[in-house]
Every structure is written in C-alpha cells, then in structure tokens.
Amino acid sequence: MARIEFLRTAMKDITQTGSVWESSRFLIRKLLDPVDWSAATTIIELGTGNGVITTSILQRMLPEACMTAYEINADFLELTRHRINADSRCTLTDDSAEYLSDIYPEGSVDAVISSLPFAIMDEELQETILRQIHLVLKPGGQYLQYQYAPTKYRMITRRFKRVRLDYTLLNIPPAFVYSCVK
Ligand SMILES: C[S@@+](CC[C@H](N)C(=O)[O-])C[C@H]1O[C@@H](n2cnc3c(N)ncnc32)[C@H](O)[C@@H]1O
C-alpha cells in the first residue's frame, strides 16, 4: 500500500521526486549502516518521500536523540507524518534542504541522511544544499547520500575529507551510496 501511495504521489510531480518507487530495505541498510548510532544525537533527513527511511532511522536512533526531516512535497510530508506515528524524536518540516542553517548552527549535526535527487536539480541549488550540509555537520560528522548514478562524485568528494562509494543492485533502480565524513 505504501509503495502504491509513493507511486501515485511521485507521478504527480516526477521532476521533484526523481523516483517512482520507495527505497528497498537493502538500499536503506547500505545507507544507514555506516552511521554511528551509539553516538549520533542530532540527525537530519533530507527528502523523506513516504517516510520509508524515516521510520528506519527512528528504529536505530537513541531514545534521547532527535531528528528533523525535510520534505517539500505536501502529500509526501503527510504520508511521512502518518508513518512516524507521532514519535516525538522527529520534527517534520516542509522547508527546502537549502535552509538547514536556519535551524542548525554551524558544526552542530552528527549525521545528514539524504535521498535528494541531485541529478534532476538545478546546479546552483545542488551546490547550495551541499554547502549547507557541510556547514551544519560537526567535524567528523557523517553525510550519507544515495543516487541512481555516480554523476555527483566530484561535487561530493571535493567537499568531504573521506568518501566511500558503495552500490546495491537490490533496489528499483539499482543505487549508489555515498558515505562521507566531514
Ligand atoms: C528520490 S525521493 C526519496 C524518497 C524516500 N526517501 C525514499 O528513499 O524512498 C526524493 C525526495 O526528495 C524530496 N525533495 C526534492 N527536493 C527537495 C528539497 N529541496 N528539500 C527537501 N526535499 C526535497 C522530493 O519531494 C522527494 O520526496
């Protein structure tokens, strides 16, 4: 049912969603496994879609940790709200990912987990968002990002100290996962 809802919502504006199917559990595992869940207390998720990754983050998060989840599509935001079942550790916002520093001071965030569709975004917006991600992360903070093609490799490696690129075939479509450390 959640997958059909994802498809229906995504088809209304595919140029903003960049995908027609929610992430698989295999992709979610690759994306979330590198995070140091025993230490992360301030977490950001970018582009929640129907909340499939949001719920997995909440399952792994410490009871005292908190996260802000960004989603600009109102229908997806409602699907995420429904899915997280009023977990008070998660704040949802319809702000765009380009405004992270409106909420988070420089160097205050442990992990940013993103499914933003950089490949279909305006170049300037991509750069602004990546700059914001880097700015709000603590030194040693982690940035996890999946993409369907490794076309943003240079843009990402230019900014981060350590970058590991992994992939999974077990997703529609297969996906690459960046695991970066500031
Ligand atoms: C590829 S979908 C990922 C959905 C879900 N996280 C998943 O993995 O199945 C990307 C999501 O990013 C959202 N998005 C696009 N631009 C955004 C922006 N500037 N700020 C926040 N969310 C954005 C889209 O509306 C869409 O829901």
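Each remark here, short or long, concerns the structure printed above.
Here the structure is a predicted model, which means the values were calculated and not measured.

(A) Representation of the overall build of the protein chain within the structure. Counting its regular elements, the protein chain contains 7 helices and 7 strands. For the protein chain, the α and β elements follow one another from N to C terminus as α-α-α-β-α-β-α-β-β-α-β-α-β-β. Taken over the C-alpha atoms alone, the protein chain extends approximately 40 × 35 × 30 Å along its principal axes. A burial count over the protein chain gives 50% of its 182 residues as buried. The contacts of the protein chain with a sequence gap of at least 6 include a subset with a gap of at least 24, amounting to 71%. Positive and negative side-chain charges of the protein chain, numbering 20 and 22 respectively, have mean locations separated by a distance of 8 Å.

(B) Highlighting the site of the ligand. Near the ligand, the surroundings consist of 23 residues, among which S23, G47, E71, S115 and Y146 are the closest. A distance of 2.8 Å separates a nitrogen atom of the ligand from a polar atom in the backbone of G47. Contacts to the ligand include S96, whose side-chain N or O atom sits 3.0 Å from a nitrogen atom. Only α2 (14–17) and α4 (52–60) provide two or more residues apiece to the shell around the ligand. Classifying every residue of the shell around the ligand by side-chain character gives 11 nonpolar, 10 polar and 2 charged.

(C) Representation of the pattern of salt bridges within the structure. With the rule as written, the count across this model stands at 8 salt bridges. Residues R89 and D87 are paired through a salt bridge, measuring 2.8 Å at the closest nitrogen-oxygen approach. Judged by its relative accessible area of 16%, R89 falls in the buried class. Through salt bridges that share partners, E127, R158 and R159 make up one connected network.

(D) Up close: the environment of T157. With respect to the helices and strands, T157 occurs in helix α7 (residues 153–157). In this structure the C-alpha to C-alpha distance between T157 and L144, which are 13 residues apart in sequence, comes to 12 Å. Of note is the side chain of T157, whose polar atom sits 3.4 Å from the backbone oxygen of R154.

(E) Focus on the side chain of R89. Tracing the chain through its elements places R89 in the loop between α5 (74–84) and β3 (90–93). Side-chain polar atoms of R89 contact the backbone oxygen of L58, separated by 2.9 Å. Separated by 3.3 Å, the side chain of R89 and the backbone oxygen of L62 make a polar contact. Setting aside anything within four residues of it in sequence, one finds R89 in contact with L58, M61, L62, P63, A65, C66 and M67.

(F) Focus on the pairing of strand β7 (residues 175–181). Where burial is concerned, most of β7 is hidden: 6 out of the 7 residues are buried. Alignment of strand β5 (residues 137–147) against β7, held across 6 bridges, turns out to be antiparallel. Looking across to β7, one finds that Y143 is bridged to C180. With 7 bridges connecting them, strand β6 (residues 162–168) and β7 associate as antiparallel partners. Considered in β7, the bridge of V163 is made with C180. Linking β6 to β7, which pair antiparallel, is a turn of 6 residues.

Cut-offs applied
Residues numbered from 1 in each chain as written. Predicted model: local features only at pLDDT ≥ 70, side-chain atom pairs only at ≥ 80, totals over all residues. Heavy atoms only, no water. Helix = DSSP H or I, 4+ residues; strand = E, 2+ residues; numbered from the N terminus. Buried < 20%, exposed > 50% of the residue type's maximum accessible area, 1.4 Å probe, protein only. Contact = heavy atoms within 4.5 Å. Lys, Arg positive; Asp, Glu negative; His and termini not counted. Charge placed at Lys NZ, Arg CZ, Asp CG, Glu CD. Near = heavy atom within 4 Å. Polar contact = N/O pair within 3.5 Å; in protein donor to acceptor, adjacent residues only side chain to side chain. Nonpolar A, V, L, I, M, F, W, Y, C, P; charged D, E, K, R; others polar. Salt bridge = Lys/Arg side-chain N within 4 Å of Asp/Glu carboxyl O. Pairing = 2+ DSSP bridges.

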